[in-house]
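# A structural walkthrough
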Protein chains: 8
Amino acid sequence: MDEARLRALMEAVATGATTADDAVKRLKDLPFEDLGFAKLDHHRALRQGIPEVIYGAGKTPAQLVEIVARMKAHGSNVLATRCEPAGIEAVLKAHPEAVHHEAARALTLVTTPVEQRPGFVAVVCAGTSDLPVCEEAVVTCEIQGSRVERVYDVGVAGIHRLLAQRERLQEAIALVVVAGMEGALPSAVAGLVSRPVIAVPTSVGYGANFGGVAALLAMLNSCGTGVSVVNIDNGFGAGMLASMIHRLKYED
Amino acid sequence: MDEARLRALMEAVATGATTADDAVKRLKDLPFEDLGFAKLDHHRALRQGIPEVIYGAGKTPAQLVEIVARMKAHGSNVLATRCEPAGIEAVLKAHPEAVHHEAARALTLVTTPVEQRPGFVAVVCAGTSDLPVCEEAVVTCEIQGSRVERVYDVGVAGIHRLLAQRERLQEAIALVVVAGMEGALPSAVAGLVSRPVIAVPTSVGYGANFGGVAALLAMLNSCGTGVSVVNIDNGFGAGMLASMIHRLKYED
Amino acid sequence: MDEARLRALMEAVATGATTADDAVKRLKDLPFEDLGFAKLDHHRALRQGIPEVIYGAGKTPAQLVEIVARMKAHGSNVLATRCEPAGIEAVLKAHPEAVHHEAARALTLVTTPVEQRPGFVAVVCAGTSDLPVCEEAVVTCEIQGSRVERVYDVGVAGIHRLLAQRERLQEAIALVVVAGMEGALPSAVAGLVSRPVIAVPTSVGYGANFGGVAALLAMLNSCGTGVSVVNIDNGFGAGMLASMIHRLKYED
Amino acid sequence: MDEARLRALMEAVATGATTADDAVKRLKDLPFEDLGFAKLDHHRALRQGIPEVIYGAGKTPAQLVEIVARMKAHGSNVLATRCEPAGIEAVLKAHPEAVHHEAARALTLVTTPVEQRPGFVAVVCAGTSDLPVCEEAVVTCEIQGSRVERVYDVGVAGIHRLLAQRERLQEAIALVVVAGMEGALPSAVAGLVSRPVIAVPTSVGYGANFGGVAALLAMLNSCGTGVSVVNIDNGFGAGMLASMIHRLKYED
Amino acid sequence: MDEARLRALMEAVATGATTADDAVKRLKDLPFEDLGFAKLDHHRALRQGIPEVIYGAGKTPAQLVEIVARMKAHGSNVLATRCEPAGIEAVLKAHPEAVHHEAARALTLVTTPVEQRPGFVAVVCAGTSDLPVCEEAVVTCEIQGSRVERVYDVGVAGIHRLLAQRERLQEAIALVVVAGMEGALPSAVAGLVSRPVIAVPTSVGYGANFGGVAALLAMLNSCGTGVSVVNIDNGFGAGMLASMIHRLKYED
Amino acid sequence: MDEARLRALMEAVATGATTADDAVKRLKDLPFEDLGFAKLDHHRALRQGIPEVIYGAGKTPAQLVEIVARMKAHGSNVLATRCEPAGIEAVLKAHPEAVHHEAARALTLVTTPVEQRPGFVAVVCAGTSDLPVCEEAVVTCEIQGSRVERVYDVGVAGIHRLLAQRERLQEAIALVVVAGMEGALPSAVAGLVSRPVIAVPTSVGYGANFGGVAALLAMLNSCGTGVSVVNIDNGFGAGMLASMIHRLKYED
Amino acid sequence: MDEARLRALMEAVATGATTADDAVKRLKDLPFEDLGFAKLDHHRALRQGIPEVIYGAGKTPAQLVEIVARMKAHGSNVLATRCEPAGIEAVLKAHPEAVHHEAARALTLVTTPVEQRPGFVAVVCAGTSDLPVCEEAVVTCEIQGSRVERVYDVGVAGIHRLLAQRERLQEAIALVVVAGMEGALPSAVAGLVSRPVIAVPTSVGYGANFGGVAALLAMLNSCGTGVSVVNIDNGFGAGMLASMIHRLKYED
Amino acid sequence: MDEARLRALMEAVATGATTADDAVKRLKDLPFEDLGFAKLDHHRALRQGIPEVIYGAGKTPAQLVEIVARMKAHGSNVLATRCEPAGIEAVLKAHPEAVHHEAARALTLVTTPVEQRPGFVAVVCAGTSDLPVCEEAVVTCEIQGSRVERVYDVGVAGIHRLLAQRERLQEAIALVVVAGMEGALPSAVAGLVSRPVIAVPTSVGYGANFGGVAALLAMLNSCGTGVSVVNIDNGFGAGMLASMIHRLKYED
């Protein structure tokens, strides 16, 4: 029951067209989602630059094309993550304005451009193997108006490279720190900054890495201040949170 | 080597009292921590209301009393978590201005009062068993100038109670959501708000709870936007992060 | 907002004392729990014989006594599980009509007697070590009007004893089957009956039992029809479900 | 030894054709299964609408076709789950009356139509990824005479959608609730209904989901009343149990 | 229904005192355990020297004393494992003929002496920490007529000591090999003998030993021929199996 | 240094051709394996019917053919397990006297026929999925002179079928009991017999089966007497042990 | 800022071209990595024979070829591990002086020959399945000037073969001991030598091996002196450490 | 058979007092350990400063006193780790020359002073909680003639403190790096030095630390060169290895 219908009901009561009793009965059973939640949420999302998101893995090219079309029709910005090559090709053909972010395995389609905020989110990692997860975070931030600075060649086994980036890291509003293997980078970064560090373990490694569990546990046990953790390989979730914190800083 | 000594060295070079060669040699070996890092950090901490923290578990009463004394002498605010009864008693006797937060198993001692920011952090849980972890988060927030609203009786098995708190939850700058058992509360809360949700699994439960692992895994797999996770029972870490986000919003 | 207040509001609209606009505004924000959910639930619970439940572990004697008093004042039946000796003693002293079920580590207090249904629930195990969990299930069933038949000396390592109970097992409306060690009993029982088998793993065992995990996994992998599983040592949960199925059979 | 042969033996003793001693010896060794168990079971299964079940995974098309043929010859209804495409094709060709349930990866063949009971089983999930498991439960219920209502778009991260389905959920005789990721849905549903909730964890997710373990643990730790759990992805087992409870309600 | 009663029934049919129909009915419902299983088993157990066994952990002194008394009355030999000091004291006082095996934490009471077989079982370990498990195996063997040779100072980290025992190990009928830590001893022993090696992991160790899991996994992965494994710390089970193999060799 | 060379050395000392000093030096350094271990082992293996074994997985067809050829040249009997189709084909072509055991994924080549012992080993399982593991055990037994009786259709969910096989099971010298899923069959079998039960967990199952871990843990926690466990899917190891026990019974 | 620039700055201060104040400011912000670390490290690496290393897995042939070219241009020695066939072929074509170590799945390219030290590293394993990991360790040692002796046919199940190698093992400066299955070999080797034993678990095995976890845990629990462990299958890491210890012995 | 007896035997052969045949027979059966291994080992141990070691946990004071006495009589140096207070007190009373290392929970008794080698071992950690493990390593090194430099206040969350110790760390012959929590310190240290880093995970932490597993996994996945790992809390093992490497450097 959206607001218009609620108002119509109240007016019917006011005019006597509906009795108070009937109104009580109808109100007690009203479906909650009809109160206009969705529309409000939708409007707020658009205003704040929050995209509609498609988890591409396991979707057929046809499904992807159709979902993108529907979202585009709503005027939404679209972010599709974990897309497979065939799906990417199909979407790009059907929606030529879509953009393929190869390193991130992601597609974006911007219908309503989002204004860029001051400041930036830092996305940090030790090297090439963690790039797909990092880039997923980058794309997720950028489509929501958060500029990203990539700090991609710092690791705990080469501390001086990390220290050399100290000032840049300290200027970031929020930091997404991605690491596989021993997962120590978020702790080291958190020791240098006083802003939220969103730690993303990756499944990069082998043997006793157990598909990212070693890095996950290390991050959960971090002794650094302001460190919190998302699921293994979840660059998207980290980007959403980083951008949410960034937006929070500059909204009224 | 602090700045005064660095300046003295440069002046010695400028005046010829030290040769360029000797200066190069001394500079190449200079210990990094002498660049005045610590002092800067300390000043910034004081200005921002970040307390010095003692992990009380395993410390003797005498150790606790002495560490608190030293910190007090620095003009620091002090937060001691996971204190045992004997230690609490000893500190309260030696430092009568210290405050005991019983439900949080914590002590605080405020030397330099911290100005309170606008807005608030919400600390959310389903019931009495999770209170110690919640209260640890509350104390951690409050000593840093973050007002806290406690929302302590909402759970996924009684959804209408949670919905009834919707508006209060939506006004929070950041939310610490604490849950044991199936750990589903952060997902449900994240579905109602658009602010960071810091999920804290607790070791409350038995059997296949595995000391909080069930809740931890549920939270890491949350499908809610803006959810990140800290270690099991880590109310302190969640409070530090929530307060950091709160401060971030209002600092220049 | 309970029904009386909702009706008052509607009548105010009908009489013009409140405008339609104001009513819309108030209704959009109404707290969900005030719609009278709780009271309805409470009445239904009483009618169906569902007790109010206290998880006694970790509660002080004083807390236990007070909670029982409050529930008694509501006219509820009370079931307190996992009570510690001091708490039991205190409750029995303060509420002499309470009953102590020693083997189940439980207390009950019946304010509104529950009518007993036809048929029975069978609680089944292999031996003495599993008795506390079994008896917790028994007490939970009985306070809700489900008669229980105990079948306490049957195990997979002595199949003829199990077969000798075949007819009694087949007459049960629902079966709670409790087992530690290798957890095979629910499968064997399910092969003999065509009614729901609620499997309860127990933490009885040592070594590679891992506190009940061995039995839990065995039960989740059961090839028997109609087997489902509850948490390790959760006799209470199994009893609630068994009694719910029993009630379901005989309610209109 | 079926009843006819047992009677013949007794009559031989009565007439002196067999001595008491010989009868004792033969009776002590009699194979248990010859007492007519199987036949009784078979008849009861037919009368109650319980199908014969084939676990299709790993079976060759030829094996599948032959097993279906044999069961059909017995007059049984047949349910084949987890069938691979080649097997499905072969069965449909050999047994044109078989029905392929694509979303459920299942085949059914109804020889003896089953009467439909009053009431229904609800099958509940949050979205498209859990559909195969849901549909396996649906087919399993339907072939046994249980009507199913699908409630497929409700999740803990969008609570109002779940609440909007409250009444429909409350009318179900039993509920199969399927969830991957954080596995929180069964708890939320159990908070709204007072009927058995059969929780099915799915392997949907990634990283710290560990192939469904996160959802499984969450469900085992559910604080909801009447929740029990089956194996990961076991839609079939959940459907069998739901239909068994449904049948139980309406049989004499 | 024991044999005497079965015979009586058959004779009643033979004489016409019971009709064939009545006999059929009574026979179809006869409880399986009444066929005299228990008695036969009991006799065979006595003849073969199999004791009745009490798992002492968690039993009160009074319970222990009573169970032993009952078994003694049956003429059984008794083995009580994992007894606590108070229980041991109580049994020794009430049954002075009982023997306390201190290193094994076990009690035995021999009513019917068992004849000793030729040959022996070897019980093998690396050192003092594994002794309680070893001695539990020893007592279990000895009360069943299996002589034991203890080989208690051989380990993989001192191979020459193990080799020095080669001939003695090769003469054993069966070998119980007990090891904690890395659990390598059974593999090494199996490389020297051609008889069954029953491997018993112990919970001796710390850290990544995980309460015996490290040794358990090593033993399950043994590349030695004839190695099988029992539960962690299960000296009793290993002794039962070793003695069973020993008996098997010499029975007709 | 084999015996001949040792004797030659001693004789050289006796005749003075070698000094005592030189002999001491040579003896202190003598390689242990040269004492004739290998040859003795080889002869005993042949006499006892122990085959040489090839683990076929990962070996190329050419490697397989060559290893078989070498073993054949020694007069050994050969058992190759876990062979892949190409390897099987190549061996059968190169060694036409080899036999392919399809269900066991194994090849045998008998050069020296082994005399068959009295009595038999029983190999027991619940159904078709466990057959490859069972048949691997069967082939392993048979090539060593142990006749096998297959009992392949008994499971805990159909207890009467298991009981019907009681006598046959009780006559076996040793039993290999194979089970996936909940792994309960060895416990049930051990309750019926008084001979060693070698339990083999299989990786058959899905979800919380965890590749055979559920069955493995159940078997390690078995309350049946005489049960020991080998690695998941290790039909070969179980067959080796069963045949070793069988041989033990009948050797002098 | 490399040393030349640092010296230039100091000289500018000495000559008055730069003020002391400006120098202080520039020095406080100087990037740490510009102090000439890298160059020093590079030189030392060359002098000590430490190669530049490429982890080949997941790299395209083109990437491999280019990285090798860049390293060659620096005058580095190159070691590429875990290379895939296509990458190997491409590198060998582009850099004909590169050497393919087939068993190790590795490539090397030596630009600056490394002098060979006295003494050797032993690489030890039980058989053919562990060879790839062993050979990775061998190649890693050899390119750094460490001669390797391969001891590839010793295992705990054939102790006399291991003892026969005792003297050779005792002469090694460091030992890399590789084992899958039960992982017992490092303990046995450590019992024979008094030099560092670097244990490498391999993922060879099946079932309860859990991809090398069984061997890993065994090695971590080793009771041998001087045993430490690297990640599963990490022959490279073990070779680096062994060669580092070897170099340590002979450097001044 | 020690060398003297071997020589006597050879001389008896040479003189004809023993026949060659008798000598062959005696030599074939000679126990391996009698070849004088033990004595040689003992002498070498003394010369190299390797102590005899007692694992104190679980030993009674009387046992400790006696073992120490026996070792002292052999002229050995003694190291007792994990001693409990009562045992320490008893040893100090009985052997006043013993030294109690309180922080290490260890006792030493030096009978034969060990010469101190040049250079040192560094023992490194982040703070007070890891001290007992560190000090166990220190005592283990020192009793073997390895001087130790303690670097006890460096952690990854305060990188500048670690860098300030760079030169001292680089001078160490070997480094024992102890860390709980996220276990990242060994990686950071290995990035600064080119000597072996022996990583010791500690059980310090809570929640998802899992008793040291988080740190253990992080260390096994370290990307630093020269890192190997010992068991959780195994300061003794790390000290033995560090001192062995130190000795290796300076022995001839």
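Residues numbered from 1 in each chain as written. Chains lettered and ligands numbered in written order. Predicted model: local features only at pLDDT ≥ 70, side-chain atom pairs only at ≥ 80, totals over all residues. Heavy atoms only, no water.

### Observations concerning the pairing of strand β5 (residues 120-124) of chain E
Residues and elements named next belong to chain E. With respect to burial, β5 is a largely interior element, five of its five residues being buried. Going residue by residue along β5, you find Phe120, Ala122 and Val124 tucked away on one face and Val121 and Val123 tucked away on the opposite face as well. One ladder, built from five bridges, connects β5 with strand β6 (residues 147-151); its direction is parallel. Among the inter-strand pairings, Val123 is bridged to a residue of β6, identified as Arg150. This β-α-β element, β5 to helix α6 (residues 131-142) to β6, shows right-handed connectivity. The pairing of β5 with strand β7 (residues 174-179) spans four bridges and is classified as parallel. Bridge pairing in β7 places Val121 opposite Ala174. (Buried < 20%, exposed > 50% of the residue type's maximum accessible area, 1.4 Å probe, protein only. Helix = DSSP H or I, 4+ residues; strand = E, 2+ residues; numbered from the N terminus. Pairing = 2+ DSSP bridges. Right-handed = clockwise from strand over helix to strand, strands pointing away.)

### Structural notes on the domain arrangement of chain A
Residues and elements named next belong to chain A. By domain assignment, chain A separates into domain 1 (18-109) and domain 2 (121-249). Computed over C-alpha atoms, the centres of domain 1 and domain 2 are 28 Å apart. Listed per partner, the contact involves 16 residues of domain 1 and 13 residues of domain 2. Interface area for domain 1 against domain 2, summed over the two sides, is near 1,200 Å², with a carbon-plus-sulfur share of 67%. In this structure, the connection of domain 1 to domain 2 is made through two salt bridges. Residues Glu136 and Arg82 are paired through a salt bridge, measuring 3.3 Å at the closest nitrogen-oxygen approach. Where domain 1 meets domain 2, there are two residue pairs in polar contact (both at pLDDT 80 or more). Contributing elements (two or more residues each) for the side of domain 1 that touches domain 2: β2 (78-81) and β4 (106-109). In terms of residues, the side of domain 1 that touches domain 2 owes the most to one element, β2, which gives three residues. Along the lines of polarity and charge, the residues of the side of domain 1 that touches domain 2 split into eight nonpolar, six polar and two charged. (Domains from an automatic or database assignment. Contact = heavy atoms within 4.5 Å. Buried area = accessible area lost by both parts, 1.4 Å probe. Salt bridge = Lys/Arg side-chain N within 4 Å of Asp/Glu carboxyl O. Polar contact = N/O pair within 3.5 Å; in protein donor to acceptor, adjacent residues only side chain to side chain. Nonpolar A, V, L, I, M, F, W, Y, C, P; charged D, E, K, R; others polar.)

### Considerations on the sheet that holds strand β4 (residues 106-109) of chain B
Residue and element names in this part refer to chain B. Strand order in this open sheet of four strands is β1-β2-β4-β3, and the pairing throughout is mixed. Looking along the sheet, the strands with just one partner apiece sit at the ends: β1 (52-55) and β3 (99-101). Ignoring which end each strand starts from, the neighbouring axes of this sheet average 20 degrees apart. Where β3 and β4 come together, three bridges link them in antiparallel fashion. Bridge pairing in β4 links His100 to Leu107. (Axes fitted to C-alpha atoms, helices over the stretch in contact; angles between N-to-C directions.)

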